[in-house]
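Notes for the structure review
Residue-level listing of the chains:
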Amino acid sequence: MILHEKIAAQLPEWRARVTKLVKEKGEVIVDKVSIGQVYGGMRDIKSLVTDISFVDPATGIKFRGMSIPEVLEKLPKPEGATIPYVGALFYLLLIGEVPTKAEAEAVEAEWAKRAKVPAYVYDVLRAMPKDTHPMVLFSQAVLALEGTSEFARRYKEGMKKDVYWEPTLEDALNLTAKLPVIAAFIYHLKYGDGKEPEYDPKADFGANFARMMGVKDKGYEDLSRLYFILHSDHESGNVSAHATHLVGSALSDAYYAFSAGLNGLAGPLHGLANQECLGWLISVRDQFGGVPSREDLYKFAWDTLNSGKVIPGYGHAVLRVTDPRFTAQLDYAKQHFPEDTLVRIAELVYDVVPQVLKEQGKAKNPAPNVDAISGTLQYYYGVREFDFYTVLFGVGRGLGVMANLVWARALGQPIERPKSVTTAMLEEAAAKAE
Ligand code: CMX
């Protein structure tokens, strides 16, 4: 299998590089840590390594050194599509090179072989109460698949540490292949007739998702590719990526690890923000009967802030500019449906809200993040069940965290065990510093 061969070929050099660095330069100090950081959610403390993606506060995410416009331009696309194969992105994340069309199609073919979801997973989901949140169903389905883990089976049999990555790659492919199928099933179970989706081996990951969702507009195939590519990875410190890595570091397999990551993604400060943002745009539309004037929107935004709420979709913990994932989605919307009312409102919000947040002077970044428009695009294509939006984020995020898990195993990354201190110890350190 192509991904296996490529990683195996790169591994000796990577292992030598990491071993040399840690053995010979392990004492070199990378960063100082302040009391504010220790008490402040470990913000900005450099303590994780990934070569798969990096978020530069001034330019945004790069996947293996490539910006989003470069990724969208250079990765191969299916015939007639405007957005690349999701399989091409997964190849890039895992191998660090732009694949040829044949290489991207080889990844898509691996997914097609592995997409069938066992019947018992559907039964588990059907047995849950009707009002169960789609993210609970998603996380549960992933966990229910744990019994199929190649890593767990091989580990039980006894396996050398230097081959841990091989069954992890198998798990990563088996799991990511099933994510769009599980997501589409959850959609039909929650909001439709509960039919089990069929993966078409002749179509790619994005097209399959669009078809399994039952969205008739062909444009949703490209939007699905775009959505999964943009949401795949955002370096390792965000909650979903870090939770997956942390749980995986105990040698819990891919299913345990990603189920944990999804539970983190379900939080309102993380993956849930996309639905809140769309809700805010809709409340603007309903209040003004369409696109408001700049003045009305300015006042509406201030009313939101004055009522003690945040403006969803704006601000970021790391970024200090407009999120390029926002720009890619806005460009897509302007290209395909520029006259849509919510798109026009989202555009106006982009014009007005950064100024409002600057005037308020609290948010370190007054610019939009990925969530400021992602729900608007789904809404346009008729996917209007807000609770489902985080599941879509989860399908994309699975690609990034699985690529990271494979490399964490390949490079023998250890169990995570940061040190905690007491408040008294920090007070003592503060007194000494004076
Ligand atoms: N509207 C109003 N106030 C905001 C704000 C916004 N969009 N963004 C930040 N602020 C406020 C914060 O609430 C904070 O106020 P307090 O000092 O009163 O607590 C202050 O500005 C400083 O915050 P910050 O350092 O700029 O931002 P954080 O790193 O603490 O938080 C984030 C980042 C994204 C949680 C925050 O900007 C926010 O709540 N945004 C709205 C929700 C959102 O869009 N979340 C999606 C994030 C993307 C993702 O991870 O999926």
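Heads up: these notes are all about the structure in this document. Each chain carries its own residue numbering, running from 1 in the written order of its sequence. In view of the model being predicted, local features appear only for residues whose pLDDT reaches at least 70, and side-chain atom pairs are presented and counted only at 80 or more, with totals across whole chains, interfaces and linings using the full set of residues. As a rule here, side-chain values cover all heavy atoms of the structure and leave hydrogens and water aside.

Examining helix α12 (residues 239-249)
- Within α12, eight of the eleven residues are buried, leaving the element largely enclosed by the surrounding structure.
- Working definition: with a 1.4 Å probe on protein chains only, accessible area under 20% of the residue-type maximum means buried, over 50% means exposed, and in between means partly exposed. Numbering goes from the N terminus for both helices and strands, where a helix is a DSSP run of H or I of at least four residues and a strand is a run of E of at least two. Burial in α12 covers these residues: Ser-240, Ala-241, His-242, Ala-243, Thr-244, His-245, Gly-248 and Ser-249.
- At the exit of α12 stands Leu-251, carrying a positive phi of roughly 65°.

Overview of the nonpolar core
- Ranked by internal contacts, the top residues of the largest apolar core, which has 123 residues, are Leu-94, Trp-111, Tyr-220, Trp-280 and Phe-388.
- Of all the elements, helix α9 (residues 165-191) adds the most residues to this core, at 15 residues.
- In what follows, residue pairs with any heavy atoms lying within 4.5 Å of each other are defined as contacts. Apart from residues no more than four positions distant in its own chain, Phe-388 is found in contact with Pro-134, Ala-183, Ile-186, Tyr-187, Tyr-191, Phe-209, Met-213 and Val-383. Definition of nonpolar core: a set of buried residues of the types Ala, Val, Leu, Ile, Met, Phe, Trp, Tyr and Cys, connected through side-chain atoms within 4.5 Å.

So, unusual backbone geometry
- Of note in the backbone geometry, Met-42 takes a positive phi value of approximately 60° without being a glycine.
- Note on placement: Met-42 falls in the loop between α2 (35-39) and β1 (53-56).
- The exposure class of Met-42 is partly exposed, given its relative accessible area of 47%.
- The residue Glu-235 is not glycine, and still its phi comes out positive at about 50°.
- Note on placement: Glu-235 falls in the loop between α11 (219-230) and α12.

A look at the pattern of salt bridges
- Any Lys or Arg side-chain nitrogen located within 4 Å of an Asp or Glu carboxyl oxygen qualifies as a salt bridge. Applying the stated rule across the entire model yields 23 salt bridges.
- Between Glu-110 and Lys-113 there is a salt bridge, and its shortest N-O distance comes to 3.4 Å. One end of the pair is Glu-110 and the other is Lys-113, both in helix α5 (residues 101-114) and three residues apart, which spans about a single turn.
- Judged by its relative accessible area of 11%, Glu-110 is buried.
- Residue classification places Lys-113 among the exposed positions, given a relative accessible area of 65%.

Description of the site of the ligand
- For this description, a residue counts as near a given molecule or strand if any of its non-hydrogen atoms is within 4 Å of it. Ile-311, Gly-313, Tyr-314, Lys-364 and Asn-369 are the nearest of the 20 residues found near the ligand.
- Any pair of N or O atoms that falls within 3.5 Å is considered a polar contact. Within protein, one atom must be able to donate a hydrogen and the other to accept it, and sequence-neighbouring residues count only if both atoms are side-chain atoms. A distance of 2.8 Å is found between an oxygen atom of the ligand and a backbone nitrogen or oxygen belonging to Gly-313.
- Here an oxygen atom of the ligand and a backbone polar atom of Ala-363 are 3.3 Å apart.
- Calculation of accessible area relied on Shrake-Rupley with a 1.4 Å probe; when residues are assessed, cover is drawn exclusively from the protein chains displayed. About the coverage of the ligand: the protein hides 72% of its 890 Å² of free accessible area.
- Split by residue class, the shell around the ligand holds eleven nonpolar, five polar and four charged. Each residue receives one of three labels: charged for Asp, Glu, Lys and Arg, nonpolar for Ala, Val, Leu, Ile, Met, Phe, Trp, Tyr, Cys and Pro, and polar for the others, Gly being one of them.

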